[in-house]
Structure formats: structure tokens, C-alpha cells
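Chains, contacts and geometry: an overview
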2 protein chains.
Amino acid sequence: MKGITKKEKFLATTLQLIHEKGFKATTLRDIAQKLNFEVANVYNYIDSKQALLEAYLFDISDEFHRAQDRIISSTYSPREKLRRMIASYIQITAKRPYEQALLVNDWRNLKEPRRQEFVKRRKDYEDKLMAVLQEGVDQGQFRALDVELTTHTLLASLRWLYKKHIEEAKAINPVEIEKQLTDFIFSGILKN
Amino acid sequence: MKGITKKEKFLATTLQLIHEKGFKATTLRDIAQKLNFEVANVYNYIDSKQALLEAYLFDISDEFHRAQDRIISSTYSPREKLRRMIASYIQITAKRPYEQALLVNDWRNLKEPRRQEFVKRRKDYEDKLMAVLQEGVDQGQFRALDVELTTHTLLASLRWLYKKHIEEAKAINPVEIEKQLTDFIFSGILKN
DNA sequence: ATTAAACATGAACAAATGTTCATGTAAATA
DNA sequence: TATTTACATGAACATTTGTTCATGTTTAAT
């Protein structure tokens, strides 16, 4: 099965290129050059530049959603649900940092109607997380905070993490990162 | 002084356009169309598309740096310094959400050598914030946290805020936002 | 009123970019 | 071995895009 390996190499290399330069700025000729073949050959791997972006984005997006749904349909407390959501978010990011980067930086390059679809899915994700937060506030596990604002803030505090994985040369300790971020979100930075 | 007003209208309209579509995807023809004149006329307002981006980015970047430097050179405690940095960050974001959006989303479109310069400045900002955090940890005001990781997490938790200002139709209460975010960063979301 | 500056147009261009096509070679399968 | 499938090339294309130029028109300063 060398065919799969070759396509996977194409996808991985291209993903990195796109991350460095941005989707719009990454030319099919850039991609071809990096892979040492001619432009036309790119079309033996993809249908179109747009389809490539869509494949990347919806694939990683799906993984996030599946992980979230698994946790939501459990019977854990809001606090434990949140803890697990954070953990799973961090794990996926660690496993696929370049795709996560794309998710954050390049979704705007989607064309309609896929762009709307994407935005809607992302809002779903946010809403589900928000529901957990709201539940936790209602049950008195979390402070009486602004749930919407906090949902976005919380997500934002996780969303940068792909950089760490991409830029860091040496492998980083996922357990430690998870602890640090969970502590930050649950308890803040003040002593006591 | 209608000249100033006209150029300002150009800059504001263009800024919004770029925010919606992204810098690379925003054509000079898009801009001209939105302003109801021809493409060539754009060059009565700018030197080049690149120079336009640079102007936006370095101008808002400077404002962030000036505010930070003012606070750093004060004699407040680390905790109070941090509180004020957060407050000033939020204020600038509230005042110039579109430029902040550009700062977050479109700096990658800078060309060398300006791009490197930008990255360096941003790192300066992060390092100065990190120093405050470190000082706070050393003095026992903050928990014994991973300073570097927390610096990035903290910044990320502020960096999304421009969306709130851009998307929200009704004006939002800056005092309340400042309180929510400060509480989140200082104390987290758990009760107690 | 005259001059100068600001704002505007239309035409043109060179470069870049996504995509197609006809064709060829290497590799896997039957 | 014969044949299909995967991988590759070179040439060409229609569009798009940033930019320039020569030339107007409107507005403000002298």
C-alpha cells in the first residue's frame, strides 16, 4: 500500500506549507516545488484547492465534535465534563497541531456554502460547551459568571496551544500541559 | 479639513473589508467597489497594498506597546501591574476592534523584512508580560505556575475579545467585561 | 481669479494563479 | 505477461490581481 503513504506525504507536506504561508498565499506551484514535481501533478492528489482545504478542515472539525459528543452524553457532573472536554481538546491538538492551526487561521478561506456550514458547526461546539458551563453555574459548581463570555474566553485559552506543539522542537509533556491549563481555567493564577 | 475625513473613511471602510475577507482575499477592486470609485483611485490613498497592511498593523501594535511600557515602568506590585495590563488591553481592543482583528489574523501577510520585525515586537510584548508573571510568582502573589505557558494562555484568553466588539450589535459594558476577564484570569471559574 | 492640491477615470500590462489536456512512465494487479 | 492503476510531465489557458500612466475634474489655498 504505497499509494496511501504517498498521498499521506502529500497531505502532510502541503499542510505544513499552508500553515507557514496561509492557505491563500500557498500556491499550487509552491506545493509542487516542495514535493519536487510539476504543478499539473498536484491534480493527481486533489480535485481542487478548495476541496483540499475543505477536507482538512471538516476532518479535524469532526474529530473535535465526536470527542465532545462522547463526553456530553455521559453522566458526569458539569465540572467533570468540562475537565474531560479540556483534556480531549488538548489531546487532539497535540495529535494534530497543524490541522488545528488551519482550523483557527484559515477557515475564512472556505467558500460558500461550506463556509456557512463550518461557522454553524463551530457555533454548535461553542453552544454545547456553554450548556455545560451553564449547568455548572446552576448547580453551584462554578461561580456566577457570564456564561457566554466565559465560554469564549475558555475556548480562546485553549485555541493557541497548537503553536506550542508546532514550534517546540523537543516533545512536550501532555500531562503537565493538561494540568497547567486545567488549573488556569479552574483556579486562575492567584495564590490560595 | 475634508481631506482627512475622506482618507479616514477610506481607511475605515477598507479595514472592515479586510476583516471580513482576509487581507490576501481582499482585492483593490473590492475596495474600490465598496467606495464607489475606480481601482486606480485607490492609489491616491495608499502607496501599495503591502504598505497599507503595514500601516494598520504597526500603528495598533505601537499602541499596545506604549500602554504596556507605561505600566511596566510604574512601581505597582506584579498583581496590580497585571491587572492594569489586562484592563488596558481590553480598552484598546474595545476602541479598535478591527485593527486588533487584523493584528491577530493577518500579520502573516506581511512580507520580509517587516514580518520578522513584527514577530520580534510581538515577542517583546510577550516577554514583558512574562516578566511580570515571573515576578508575581517569585513574590508569592501568583501560584507556582508554568510562567511561559501561562503567559501565552493569558494572552490568548484576551485575544479573541475583538469579536465581541465587532459582532455585537448593541454596545457592551466595558467595565463588566473587564471584571469578568480579570476574575477569570485571577480566580478561574470554580466556586470558592 | 489663479494656482495648487486632492480626488477621480479608463486603459493598459506584466505577473501570478488555478485548472485542463494530451501524453508518458513506473508500479501494482490480474 | 498483459493490463490496469498510480504517478509524472510540459504546454497552454482564462482570470485575477497589483500597479502605472496620462489625463481629467473638483475642491481648497494664495
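For the structure itself, consult the block above.
In what follows, the accompanying structure is described. (Residues numbered from 1 in each chain as written. Chains lettered and ligands numbered in written order. Predicted model: local features only at pLDDT ≥ 70, side-chain atom pairs only at ≥ 80, totals over all residues. Heavy atoms only, no water.)

Chain A puts 44 residues into the contact, and the matching count from chain B is 44 residues. Taking both sides of the interface into account, the surface hidden between chain A and chain B amounts to around 4,000 Å²; carbon and sulfur atoms contribute 57%. Notably, a salt bridge pairs Asp106(A) with Arg108(B), separated by 3.5 Å at the nearest N-O pair. For the pair chain A and chain B, the number of links is 18 residue pairs in polar contact (both at pLDDT 80 or more). Broken down by element, the residue count for the side of chain A that touches chain B peaks at 9 residues, all from helix H7 (residues 147-159) of chain A. (Contact = heavy atoms within 4.5 Å. Buried area = accessible area lost by both parts, 1.4 Å probe. Salt bridge = Lys/Arg side-chain N within 4 Å of Asp/Glu carboxyl O. Polar contact = N/O pair within 3.5 Å; in protein donor to acceptor, adjacent residues only side chain to side chain. Helix = DSSP H or I, 4+ residues; strand = E, 2+ residues; numbered from the N terminus.)

Further remarks concern the protein's contact with DNA strand D. Surveying the vicinity of DNA strand D reveals 20 residues, the closest of which are Glu38(A), Ala40(A), Asn44(A), Tyr45(A) and Tyr43(B). Each atom of DNA strand D within 4 Å of the protein belongs either to a base or to sugar and phosphate, the latter forming 58%. Within the contact set of DNA strand D, a base nitrogen lies 2.7 Å away from a side-chain nitrogen or oxygen of Asn44(A). A distance of 2.9 Å separates a phosphate oxygen of DNA strand D from a polar backbone atom of Leu28(B). Elements represented by at least two residues in the surface near DNA strand D include exactly helix H1 (2-21) of chain A together with helix H2 (28-34) of chain B. Residue composition of the surface near DNA strand D, grouped by class: 8 nonpolar, 6 polar and 6 charged. (Near = heavy atom within 4 Å. Nonpolar A, V, L, I, M, F, W, Y, C, P; charged D, E, K, R; others polar.)

A few words on the nonpolar core. Counting residues in hydrophobic clusters, the biggest one holds 111 residues, and the most contacted among them are Leu82(A), Ile189(A), Leu82(B) and Ile189(B). Setting aside its immediate chain neighbours within four residues, Ile189(B) contacts Leu82(A), Leu133(A), Phe142(A), Arg143(A), Leu145(A), Thr150(A), Ile185(A), Phe186(A) and Phe184(B). (Core = buried A, V, L, I, M, F, W, Y, C linked by side-chain atoms within 4.5 Å. Buried < 20%, exposed > 50% of the residue type's maximum accessible area, 1.4 Å probe, protein only.)

In this section: the pattern of salt bridges. Any two side chains of opposite charge can pair, given that their charged atoms come close. Residue and element names in this part refer to chain A. What the rule picks out here adds up to 32 salt bridges over all chains. For Lys-128, the salt bridge goes to Asp-69, with nearest N and O atoms at 2.9 Å. On the criterion of sequence distance, the pair formed by Lys-128 in helix H6 (residues 114-138) and Asp-69 in helix H3 (residues 49-72) is long-range, its members being 59 residues apart. You can call Lys-128 partly exposed: its relative accessible area is 28%. Taking relative accessible area as the criterion, Asp-69 reaches 35% and is therefore assigned partly exposed.

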